[in-house]
Amino acid sequence: MRPELERLLRIEQQLHSPAAEWQLQLLLDADLQADAEAQQRLYAGLRAAGRHQLRRELAALHTRLYGPPLGAWPHRIAAWLRGALGLN
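Before going into details, it helps to say that this report is about the structure given with it. (Residues numbered from 1 in each chain as written. Predicted model: local features only at pLDDT ≥ 70, side-chain atom pairs only at ≥ 80, totals over all residues. Heavy atoms only, no water.)

### Looking at the nonpolar core
Next up, step 1: Ile 11, Leu 15, Trp 22, Leu 26, Leu 32 and Ala 36 together form the largest nonpolar core, which totals 6 residues.
Next up, step 2: Only helix H1 (3-16), helix H2 (20-28) and helix H3 (30-66) provide two or more residues apiece to this core. (Core = buried A, V, L, I, M, F, W, Y, C linked by side-chain atoms within 4.5 Å. Buried < 20%, exposed > 50% of the residue type's maximum accessible area, 1.4 Å probe, protein only. Helix = DSSP H or I, 4+ residues; strand = E, 2+ residues; numbered from the N terminus.)

Here it is as structure tokens:
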């Protein structure tokens with residue numbers, strides 16, 4: 001396995017089960033610490049993107065099953081009026 005992949009594998013294994021030895025390695029290797037922090041930020045971004053996508057999919061499913069939310073019609077009428085009056 002390439003050294004970069006071995007390093008990434010080691011980071012991922014340790015991120016899922018932190019141990020005292022891992023903490024020591026992070027203290028001794030600044031590059032490893034930076035790589036581990038970058039990997040944690042990447043995971044956080046992926047989780048946030050996944051939650052955002054899930055919310056959009058659930059909203060679309062809800063709209064398909066039940067129609068638009070009750071509070072949406074005033075906004076749609078206002079948008080239609082702005083378009084009809086050329087205010088957009």
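### What about the environment of Arg 7?
Next up, step 1: Topologically, Arg 7 is positioned in helix H1.
Next up, step 2: Under the relative-accessibility criterion, Arg 7 is labelled partly exposed at 26%.
Next up, step 3: On a C-alpha basis, the gap between Arg 7 and Asp 35 in space is 9.2 Å, while along the polypeptide they are 28 residues apart.
Next up, step 4: In contact with Arg 7, not counting residues within four places along its chain, are Asp 29, Asp 31, Leu 32 and Asp 35.
Next up, step 5: Polar contacts involving the side chain of Arg 7 include one to the side chain of Asp 35, which spans 3.0 Å. (Contact = heavy atoms within 4.5 Å. Polar contact = N/O pair within 3.5 Å; in protein donor to acceptor, adjacent residues only side chain to side chain.)

### Quick look at the pattern of salt bridges
A side chain of one charge can pair with a side chain of the opposite charge when the charged atoms of the two come close.
Next up, step 1: On inspection of all chains with the given rule, the structure shows 3 salt bridges.
Next up, step 2: Where Glu 4 meets Arg 2, a salt bridge forms, and the shortest distance between an N and an O atom there is 3.5 Å. An identical accessibility class is assigned to Glu 4 and Arg 2; each is exposed.
Next up, step 3: In this structure, Arg 7 engages Asp 29 in a salt bridge whose closest nitrogen and oxygen atoms are separated by 3.8 Å. Of this pair, Arg 7 sits in helix H1 while Asp 29 is found in the loop between H2 and H3, placing the two residues 22 residues apart along the sequence.
Next up, step 4: Classification of Asp 29 by relative accessible area gives partly exposed; the value is 25%. (Salt bridge = Lys/Arg side-chain N within 4 Å of Asp/Glu carboxyl O.)

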